[in-house]
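This is what each chain is made of:
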Amino acid sequence: MSTSIPVVCPYCGVGCNLELMLDDNGRPTKSSATGRNPELNAKYACVKGFAVYELLIHPERLTQPYIRKADKLELVSWENAIDTAARTLKNTIDKYGPESVGLLCSGKILNEEAYLSQKFQRAVIGNNHIDNCARLCHGPSEAALRQQLGYGGVSTFLEDYEATETVFLVGAHTTFTHPVIWMQVKKRAKKGGLNLILADPRETDLVKNAAVHLKVRPGTDIFWINALTKIIIDKNWHDQEFCEKHTIGFDALRDSVADLDIHSICQRAGVTRDELEKTAELIHDKKTIFIWGMGLTQHAHGTDNIMALVNLALLTGNIGKPGCGLSPLRGQNNVQGAGDMGALPNMLAGHMEVADEAARVHVGAIWGKTVPSSPGLAAPEMIHDIASRKIRALYVIGENPAVSEPQSNFVTWMLQSLDLLIVQDIFPNETCRYADIVLPAATVGEKDGTFTNAARRVQYTAAGLASPGEAKPDWEILRDLATAMGADWHYTSTEDIWEEIRRAAPVFAGITHQRLKDSNGIFWPCYDENHPGTPRLYEDGFGFRDRRARFLPVNLPETLMEPTEDYPYILITGRLLHHFNTGEMSRRSKKLTRLKPAAHLDMNPDDAAEIGLAEDDTVRMTSPHGTVQLPLKLDQQLQRGYLFAPIHYSEPNFNCLMSAVPIDPKARMPALKVVPVKLEKG
């Protein structure tokens, strides 16, 4: 029996290579990094990676299908569950039309499974109502990068950190969210000559390494980025040759910032002109990598935020060269892959648009089906269309919308209003409480296939463990459900599915399972089996017919989410090192739960004293949309007027404080990052 199984970590978008160590009975007892992939994490992993094995042996794993009978979930056979799901879906389509069914796809399942998810929705159900968790994290990044550069993906890779001179980090706490990326930055810093620019309203541990710390007011990013753009142009510090040869729209950008009042903008954004000029100096004529997190994306103008930052990178010529690039920090292990595979309402696999007739004809010929042309609904739109009864059935694969979606009290009400809710997952979660059918899925180590990390590196992850009970890989469940609904699907392995992906999506045509097994991963695009892959995008031009990138000027937002007399504080949410997303995986680790067992609220001590609150008091936090209670922790590093809470706990669920509107009109992202609240003693 094999004593270890090589897998890709199921947590963040770094995609660390791990080994699951097995005992004599084939049971995982340890997860470790042995140096199998020196190009990525080598022998390093974060605390979550070392705890992966605990997920696989946890007693709460789903092991059998359930069907709700008389308001109670009861164990049933797979045959019963699949037949019931297929029959109910077909009845819903017959009665209300295919547009009445939506699908939420996970950013944690295999590429092959994400591909089948969108194929199931388009070819079996018959609409484009499919979305994944990127909607609530880096949907704006994908939209802006695709519109300005050609692809909705990271343009750089880890080797570029060796050559860079400046790292510009915006709205991310990298030591907590992506520790292995931060280790790469620190490794480069030890060589000397690295400038770190940090834009973050919080004073995190990163500040001690920063040459400039911009304590920006949350939500004002377009203001200070546009002001920085004006300063660079006014000083003639932009890369004129790059702009002339490789872009269009420079004149429009220059004109859009020409009349900006730097002084008033700095006051609005909470920065000084001196800080912006120092920042401009550290970018001028220096190889710069721009990194950002959800502090920049989770706003009603999140796409405009990213467009402003892309403009800055283009202006300074920092794309498509060694040591330069744009790097959104993707949150989940395969959220990049979910988008790559077409699990989006407007995109097919391989970053081909649904609106492109030729792409639909191409994919339809492979499927033997007509690909729907009508635009699909994003996740928040599906939830809201339950209220109008346009959406009657929802299939949720590896997601937990009862916790992750904004205005969660409304979301749970909507989930209860569905005619049919199918939940497919590895653990019972809050969304399962409202499910009509629950299907148990396999996870990493129990199935083989591919994941794509945040930097577009496609990697093979191996199988070797038996799934608990009767749990099945997601691709097998999708195949069986599609077959029960009349589809002619005969996949026998993930390699079968991948071979179809290679035909459907030319950017993956040169990547095979065997090549991945024999390598440390391959970066897409990779057009044939002799192609080495593309670690750094845009070295040979941008993804448009004229090979030029697009400057797209963005206007300052007319309104911002700001404190009021009734709601005098701004809540900022974020991540901890020890937990992950809604916590369904990490909170089931004894190691991680011991380190961070419960939620808390951080507050500046002076703010707390002003309203009579002290350390460990239970406080009641209220927004216009909901109320939660939790213990208070005092943090001198937090600016006055701001509160911070981690997102990983279902109790309390901070998303009940947030509204699903306003919404980013370009990426359909709700405003999650800036929430006006009030506090009182609980």
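This section reports on the structure supplied with the text. (Residues numbered from 1 in each chain as written. Predicted model: local features only at pLDDT ≥ 70, side-chain atom pairs only at ≥ 80, totals over all residues. Heavy atoms only, no water.)

Some details on the sheet that holds strand E21 (residues 522-523)
Inference 1: Read from one edge to the other, the open sheet built from 3 strands follows the order E19-E20-E21, with strand pairing classed as antiparallel. Strand pairing shows two members of the sheet lacking a second neighbour, strand E19 (449-452) and E21, which therefore form its edges.
Inference 2: Note: E19 against strand E20 (residues 457-461), 4 bridges, orientation antiparallel. Paired with Gly 449 across the bridge in E20 is Thr 461.
Inference 3: Contacts from helix H3 (residues 111-125) reach E19 and E20, with the element oriented near 90° to E19. (Pairing = 2+ DSSP bridges. Helix = DSSP H or I, 4+ residues; strand = E, 2+ residues; numbered from the N terminus. Contact = heavy atoms within 4.5 Å. Axes fitted to C-alpha atoms, helices over the stretch in contact; angles between N-to-C directions.)

Observations regarding the packing of helix H8 (residues 221-234) against helix H12 (residues 273-283)
A pair of packed helices is characterised by two quantities: the angle between their axes and the separation of those axes.
Inference 1: Across the interface, H8 lies against H12 with an axial gap of 10 Å and an inter-helix angle of 65°. Crossing hand, H8 versus H12: right-handed. In contact with Trp 224, Ala 227, Leu 228, Ile 231 and Ile 232 of H8, H12 contributes Leu 276, Glu 277, Thr 279, Ala 280 and Ile 283.
Inference 2: Counted by class, the contact of H8 with H12 contains 8 nonpolar, 1 polar and 1 charged residues. (Left-handed = near helix turned anticlockwise from the far one by under 90°. Nonpolar A, V, L, I, M, F, W, Y, C, P; charged D, E, K, R; others polar.)

Brief notes about helix H19 (residues 408-417)
Inference 1: Residues of H19 that are buried include every one of Ser 408, Phe 410, Val 411, Thr 412, Met 414 and Leu 415, and no others.
Inference 2: Buried residues belonging to H19 abut helix H17 (379-387), strand E16 (393-397), helix H18 (401-404) and strand E17 (420-425). (Buried < 20%, exposed > 50% of the residue type's maximum accessible area, 1.4 Å probe, protein only.)

Some remarks on H17
Inference 1: Looking at H17, one finds that the buried residues are Ala 379, Pro 380, Met 382, Ile 383, Asp 385 and Ile 386.
Inference 2: Positive phi shows up at Arg 389, right after H17, with a value of about 70°.

Considerations on the sheet that holds E16
Inference 1: The mixed open sheet is built from 7 strands, whose spatial order is E5-E4-E18-E17-E16-E6-E7. Where the open sheet ends on each side, the last strands, each with one partner, are strand E5 (72-75) and strand E7 (130-132). Strand-to-strand twist across the sheet, computed as the mean angle between neighbouring axes with direction ignored, equals 20°.
Inference 2: Bridge analysis of strand E6 (residues 101-105) against E16 gives 4 bridges, and the strand direction is parallel. Its bridge partner being in E16, Val 101 is matched across the sheet by Ala 393.
Inference 3: Each of E16, E17 and strand E18 (437-440) touches helix H20 (residues 474-484); the most contacted strand, E16, lies at about 150° to it.

Things to note about the pairing of E18
Inference 1: Neither face of E18 is open: one carries Ile 437 and Leu 439, the other Val 438 and Pro 440, and all of them are buried.
Inference 2: Summarising the sheet, strand E4 (residues 66-69) and E18 pair through 2 bridges and their orientation is antiparallel. Counted as the bridge partner of Ile 67 is Ile 437 from E18.
Inference 3: Alignment of E17 against E18, held across 4 bridges, turns out to be parallel.

Some thoughts on the packing of aromatic side chains
Inference 1: Under the counting rule described, the total for this entry stands at 13 aromatic pairs.
Inference 2: Ring centres of Phe 242 and Phe 542 lie 6.4 Å apart, and the angle between their planes is 85°; this geometry places the pair in the edge-to-face category. Linking Phe 242 in helix H9 (residues 240-246) with Phe 542 in the loop between E21 and strand E22 (549-550), this pair joins segments that are 300 residues apart in sequence.
Inference 3: Exposure remark for Phe 542: the relative accessible area of 2% places this residue in the buried category.
Inference 4: Ring geometry for Phe 410 against Trp 413: centres 5.9 Å apart, planes inclined by 80°, an arrangement best described as edge-to-face. Here Phe 410 and its partner Trp 413 are both found in helix H19, 3 residues apart, which amounts to about one turn of the helix.
Inference 5: Ring pairs connect the aromatic residues Tyr 151, Trp 498, Phe 508 and Trp 524, which therefore count as one cluster.
Inference 6: Of note, Arg 392 hangs over the ring of Tyr 96, and the distance from its end group to the ring centre comes to 4.0 Å.
Inference 7: The ring of Trp 524 carries Arg 456 above its face, with NZ or CZ at 5.6 Å from the centroid. (Phe/Tyr/Trp six-rings, centres within 6.5 Å; stacked < 30°, edge-to-face > 60°. Lys NZ or Arg CZ within 6 Å of the ring centre and 35° of its normal.)

Comments concerning the pattern of salt bridges
Inference 1: Taken as a whole and assessed by the stated rule, the structure comprises 39 salt bridges.
Inference 2: Across the salt bridge formed by Asp 71 and Arg 68, the nearest N and O atoms sit 3.9 Å from each other.
Inference 3: For Asp 71, a relative accessible area of 68% corresponds to the exposed category.
Inference 4: The class of Arg 68 is partly exposed, set by a relative accessible area of 22%.
Inference 5: Here Asp 540 ties to Arg 547 by a salt bridge, and the two come within 3.7 Å at their closest N and O atoms. (Salt bridge = Lys/Arg side-chain N within 4 Å of Asp/Glu carboxyl O.)

Observations regarding the side chain of Asn 37
Inference 1: With respect to the secondary-structure elements, Asn 37 resides in the loop between strand E3 (28-32) and helix H1 (52-56).
Inference 2: Within the structure, Asn 37 has its side chain in polar contact with the side chain of Asn 17 (distance 3.4 Å).
Inference 3: If we skip the residues at most four places from it in the chain, Asn 37 touches Asn 17, Ala 42, Arg 457, Gln 459 and Asn 520. (Polar contact = N/O pair within 3.5 Å; in protein donor to acceptor, adjacent residues only side chain to side chain.)

Let's talk about the pairing of E4
If a strand is regular, its side chains alternate between the two faces of the sheet.
Inference 1: When E4 meets E5, the two strands line up antiparallel, connected through 4 bridges. Its bridge partner being in E5, Arg 68 is matched across the sheet by Leu 73.

Quick look at the nonpolar core
Note that soluble globular proteins tend to have their nonpolar side chains buried in a common cluster.
Inference 1: Phe 120, Leu 149, Phe 168, Trp 224 and Tyr 395 are the most contacted members of the largest nonpolar core, which has 167 residues in total.
Inference 2: If near-sequence neighbours (up to four positions away) are discounted, Phe 168 is found in contact with Ile 197, Ala 199, Trp 224, Leu 228, Thr 279, Ile 283, Thr 288, Ile 289, Phe 290, Ile 291 and Leu 312.
Inference 3: Leu 613, Leu 657, Leu 672 and Leu 679 belong to the second largest nonpolar core, which has 26 residues in total. (Core = buried A, V, L, I, M, F, W, Y, C linked by side-chain atoms within 4.5 Å.)

Regarding the state of the cysteines
Inference 1: This model, assessed by the stated rule, comprises 0 disulfides.
Inference 2: In this structure Cys 137 is a free cysteine whose sulfur lies 5.2 Å from that of Cys 133, the closest cysteine sulfur available.
Inference 3: Note on Cys 243: no disulfide assigned, nearest cysteine sulfur contributed by Cys 324 at a separation of 13 Å.
Inference 4: Of the residues examined, Cys 243 reaches a relative accessible area of 6% and is grouped as buried. (Disulfide = S-S within 2.5 Å.)

Quick look at the environment of Gly 139
Inference 1: With respect to the element layout, Gly 139 can be found in helix H4 (residues 139-148).
Inference 2: Sequence-wise, Gly 139 and Gln 298 are 159 residues apart; in three dimensions their C-alpha atoms are separated by 9.0 Å.
Inference 3: Aside from chain neighbours lying at most four places away, what touches Gly 139 is Ala 134 and Ala 667.

Remarks on the environment of Met 485
Inference 1: Counting through the fold element by element, Met 485 comes out in the loop between H20 and helix H21 (494-504).
Inference 2: Separated by 55 residues in sequence, Met 485 and Asp 540 place their C-alpha atoms 46 Å apart.
Inference 3: Setting aside its immediate chain neighbours within four residues, Met 485 contacts Ala 86, Leu 89, Lys 90, Ile 93, Phe 120, Val 124 and Ile 125.

None of this, on its own, says anything about what the molecule does.
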